[in-house]
Amino acid sequence: MHVRQAGEYAEALSRRLRDHEATIGVIGLGYVGLPLALAFAQREFRVLGFDVDPQKVEALAQGRSYISHIDAALLRASADGGRLEATTDFGRLGEPDAILICVPTPLSAQREPDLSYVVKTSERIKQSLRPGQLVVLESTTYPGTTIELIKPLLESTGLHAGQDFFLAFSPEREDPGNTRHTTTTIPKVVGGVDPVSGQLAQLLYDQAIARTVRVSSADAAEATKLTENIFRAVNIALVNELKLIYAKMGIDIWEVLDAAETKPFGFMRFDPGPGWGGHCIPLDPFYLSWKAREHGLDTRFIELAGQINRGMPTYVVHCLQQALNDRGKALKGSDVLMLGMAYKKDVGDTRESPAFEVMRLLLERGARIAYHDPHVPVVPETRDWGFLPRLESQPLSRASLQGRDAVVLVTAHSGMDYELVQEHAALIVDARGVYRGQRPNVVKA
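Sequence order sets the numbering: in each chain, residues are counted from 1 along the sequence as written. For this predicted model, a pLDDT threshold of at least 70 governs which residues receive local features, and a threshold of 80 or more governs which side-chain atom pairs are given and counted, while totals over whole chains, interfaces and linings are taken from all residues. To get the side-chain values, take all heavy atoms of the structure and skip hydrogens and water.

A. A look at the nonpolar core. Remark: nonpolar core denotes a set of buried residues (Ala, Val, Leu, Ile, Met, Phe, Trp, Tyr, Cys) joined through side-chain atoms within 4.5 Å. Relative accessibility thresholds used throughout: buried, under 20% of the residue-type maximum; exposed, over 50%; partly exposed, between the two (1.4 Å probe, protein chains only). In this structure, Ile-27, Ile-125 and Leu-154 are the most contacted members of the largest nonpolar core, which totals 43 residues. With 7 residues, helix α8 (residues 218-248) is the largest single contributor of residues to this core. Residues are treated as being in contact if the distance between any of their heavy atoms lies within 4.5 Å. Discounting chain neighbours no more than four positions away, the residues touching Ile-27 are Phe-50, Phe-90, Leu-93, Ile-99, Leu-100, Ile-101, Cys-102, Val-103, Thr-121 and Ile-125. Membership of the second largest hydrophobic core comes to 38 residues, among which are Val-26, Leu-29, Ala-168 and Tyr-205. Secondary structure elements are taken from DSSP: a helix is a run of H or I of four residues or more, a strand is a run of E of two residues or more, and numbering for both begins at the N terminus.

B. Up close: the packing of α8 against helix α9 (residues 253-260). Across the interface, α8 lies against α9 with an axial gap of 9 Å and an inter-helix angle of 125 degrees. Classified by the interaxial angle, the pair formed by α8 and α9 is oblique. Residues Val-239, Leu-242, Lys-243 and Tyr-246 of α8 form the contact with α9, whose participating residues are Ile-253, Trp-254, Val-256 and Leu-257. Split into classes, the residues belonging to the contact of α8 with α9 amount to 7 nonpolar, no polar and 1 charged. Working convention: axes come from line fits to C-alpha atoms, limited for helices to the stretch in contact. Angles between N-to-C directions cover 0 to 180 degrees. Working definition: roughly parallel below 35 degrees, roughly antiparallel above 145 degrees, roughly perpendicular at 65 to 115 degrees, and oblique for all remaining angles. In this classification, Asp, Glu, Lys and Arg are treated as charged, Ala, Val, Leu, Ile, Met, Phe, Trp, Tyr, Cys and Pro as nonpolar, and every other residue, Gly included, as polar.

C. Quick look at the environment of Thr-185. Within the fold, Thr-185 resides in the loop between β6 (166-169) and β7 (188-192). For Thr-185, a relative accessible area of 40% translates into the label partly exposed. Leave out the neighbours within four places in its chain, and Thr-185 touches Arg-180 and Ala-210. Two N or O atoms count as a polar contact when they lie within 3.5 Å, although within protein this holds only if one can serve as hydrogen donor and the other as acceptor, and sequence-adjacent residues are included solely when both atoms are side-chain atoms. Within the structure, Thr-185 has its side chain in polar contact with the backbone nitrogen of Thr-182 (distance 2.9 Å).

D. A look at α8. Expected helix span is given by 1.5 Å per residue-to-residue step, counting one fewer step than there are residues. The terminal C-alpha atoms of α8 lie 46 Å apart, and with 31 residues this matches the ideal 45 Å at 1.5 Å per residue to within 8%. Among the residues trailing α8, Gly-250 stands out with phi positive, at a value near 75 degrees.

E. Summary view of the sheet that holds strand β9 (residues 335-339). Criterion used throughout: strands pair if DSSP finds at least two bridges between them. One open sheet holds the 5 strands; their spatial order is β10-β9-β11-β12-β13, and the pairing between them is parallel. Of all the strands in the sheet, the pair left with one neighbour each is β10 (368-372) and β13 (442-444). Averaged over all neighbouring strand pairs, the angle between strand axes comes to 25 degrees, with direction disregarded. Pairing geometry for strand β12 (residues 428-430) and β13, over 3 bridges, is parallel. Across the sheet, residue Ile-428 finds its bridge partner in β13, namely Val-442.

F. Fine view of the packing of aromatic side chains. Here the aromatic set is Phe, Tyr and Trp, taking the six-membered ring for Trp, and pairing holds for ring centres within 6.5 Å; pairs whose planes are under 30 degrees apart are stacked, those over 60 apart are edge-to-face, and all others are tilted. Across all of its chains, the model carries 7 aromatic pairs by this definition. Both rings, one in Phe-50 and one in Phe-90, keep their centres 5.6 Å apart while their planes meet at 40 degrees; by these two values the pair is tilted. Of the two residues, Phe-50 sits in strand β2 (residues 46-50) while Phe-90 sits in the loop between β3 (84-87) and β4 (98-101), which places them 40 residues apart along the sequence. Exposure remark for Phe-90: the relative accessible area of 11% places this residue in the buried category. Relative to Trp-290, the ring of Tyr-142 lies with its centre 4.9 Å away and its plane at 45 degrees, an arrangement referred to as tilted.

G. Seen up close, the packing of helix α2 (residues 33-42) against helix α4 (residues 72-80). The geometry of α2 relative to α4 is characterised by a closest axis approach of 10 Å and an angle of 55 degrees between their N-to-C directions. Taken together, the axes of α2 and α4 are oblique relative to one another. Crossing handedness for the pair α2 and α4: left-handed. Along the contact surface, α2 presents Leu-34, Leu-38, Ala-41 and Gln-42, while α4 presents Leu-74, Leu-75 and Ser-78. For the contact of α2 with α4, the class distribution of residues is 5 nonpolar, 2 polar and no charged. The hand of a helix crossing depends on one turn: near helix anticlockwise from the far one by less than a right angle means left-handed, and clockwise means right-handed.

H. Examining a nonpolar patch on the surface more closely. Without a salt bridge and with relative accessible area above 30%, a residue can belong to a patch; like charges are then joined within 9 Å and nonpolar side chains (Val, Leu, Ile, Met, Phe, Trp, Tyr) within 5 Å. Per-residue and other accessible areas were derived by the Shrake-Rupley procedure at a 1.4 Å probe size, with only the shown protein chains allowed to occlude residues. By definition, a salt bridge exists where a carboxyl oxygen of Asp or Glu is found within 4 Å of a side-chain nitrogen of Lys or Arg. Taken together, the side chains of Ile-245, Met-249, Ile-251 and Val-256 present a nonpolar region at the surface, about 320 Å² in accessible area. Within the secondary structure, Ile-245 is located in helix α8.

I. Expanded view of the side chain of Lys-291. On the secondary structure map, Lys-291 appears in helix α10 (residues 284-294). Residue Lys-291 is classed as buried on the basis of its relative accessible area of 7%. Dropping the residues within four chain positions of it, Lys-291 is found in contact with Tyr-142, Pro-143 and Glu-148.

J. Broad picture of the pairing of β9. Counting buried residues in β9 gives 5 out of 5 residues, a clear majority hidden from the surface. Burial along β9 is two-sided: the face carrying Asp-335, Leu-337 and Leu-339 and the face carrying Val-336 and Met-338 are both buried. Look down the strands so they point away from you; if the path from the first strand over the helix to the second goes clockwise, the crossover is right-handed. In terms of handedness, the path from β9 via helix α13 (residues 354-364) over to β10 forms a crossover that is right-handed. Pairing of β9 with strand β11 (residues 406-409) involves 4 bridges; the strand directions are parallel. Bridging across to β11, Leu-339 finds its partner in Leu-409.

K. Structural detail: helix α6 (residues 145-155). Among all positions of α6, only Thr-145, Thr-146, Ile-150, Leu-153 and Leu-154 are buried. One face of α6 carries all of its buried residues, which in axial projection span an arc of 100 degrees. Looking at the packing, one finds that the buried side of α6 touches α5 (116-128), β5 (134-137), β6 and α8. By definition, the arc is the one covered by directions from the helix axis to the C-beta atoms.

L. Region of interest: the sheet that holds β5. Here we have 8 strands laid out as an open sheet, ordered β3-β2-β1-β4-β5-β6-β7-β8, and mixed in their pairing. Unpaired on one side and paired on the other, β3 and β8 (212-214) mark the two borders of the sheet. Taking each pair of neighbouring strands and ignoring which way they run, the sheet shows an average axis angle of 25 degrees.

M. Structural view of the pattern of salt bridges. Using the criterion set out here, one finds 23 salt bridges in the structure. A salt bridge links Arg-92 to Glu-95; its shortest N-O distance comes to 2.7 Å. Put simply, Glu-261 and Arg-269 hold a salt bridge, and the shortest N to O gap is 3.0 Å. The exposure class assigned to Glu-261 is partly exposed, which follows from its relative accessible area of 44%. Where salt bridges share partners, they join Asp-258, Glu-261, Arg-269, Asp-271 and Arg-436 into one cluster.

So, to be careful, I would describe these as geometric facts and stop short of saying anything about function.
Take a look at the structure:
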């Protein structure tokens, strides 16, 4: 491939991006891909979304949002304007000028990276890859994935990265339910496998995102995302450990954090809880742990943080069991109402939610379970929790509370009536610090 031709491909793509004439392809229309697709559509780009789930494709064709915090009216406007189309036909991957990969990167049962979705997606892109296309991986992964795994796979077509096609990594930074920081306002980190790819990836995101932050390589961009989430995982583990220690001393961790937060420097607040959840923090740190072992290194901080955070659901159930014992009741046979199934407040996202493990432990110990969550009408079936009973959210009312032996507060949604709960629940095990101070029917967990 002549340099002149490579330059022509880059210049042609640059022009199409600047003029908003490029077609943007987004693979994976979930919590990451759908907001991203909508962001480009709102900037007058034609967006072609790809997903293996025909129900998502049908919903988008009808202008229906299947993610609670995404406005269906915005979807309908983009679809009606011809800017947003979704398909299950991956044979159309030759159409987009830029392809953004937003597929899951879970862990295996052995807590090792499962890149099968990334590999399968890259194989599909390979079948239609044409000169002049830009491919960007957004799925969180270990440093080296883009250049060591995707680049050789795509180059097996005979096309060369940086010359015939362009390849970069730009980590997603979605925070579902956050109204202050959204897809278009959160700064976007980008790193190419070569300088030209990095420039084009930055130019792409410049068209829809308020600020892009260019780093020297795809490896550096991959490491940036892991660093962000490892920082959070370790600090969450720290306050969870402090919670256990202070509880033994009769000290309220939430009172301590409220006081510590008044310091205007040198302190950043993290709150304890029933365990970690979401699509990032419980998974991403172990991608680096796995890669570090390849280099003969141990990630002791990361592994310890994982042990502490994974142990929190057991601690919550222990607190409930002890509180029931103090009241002359056994956990076995008790009626327990769980408040919240989502992994965080005010969203319906249950990915890696600690509520599932709390529920499993309660059922294992013979408790009778019901739950209330205004954002999760039905407990979804998942790969890891398929054995749990299919439950529907129960109304939160005086009647539903008075008949229970205990209420376990797992997720502190804004819309819940906590005064009603305190007034009518015989026992509340609060894992979120909603109830401050000493209350006779509240046990902190």
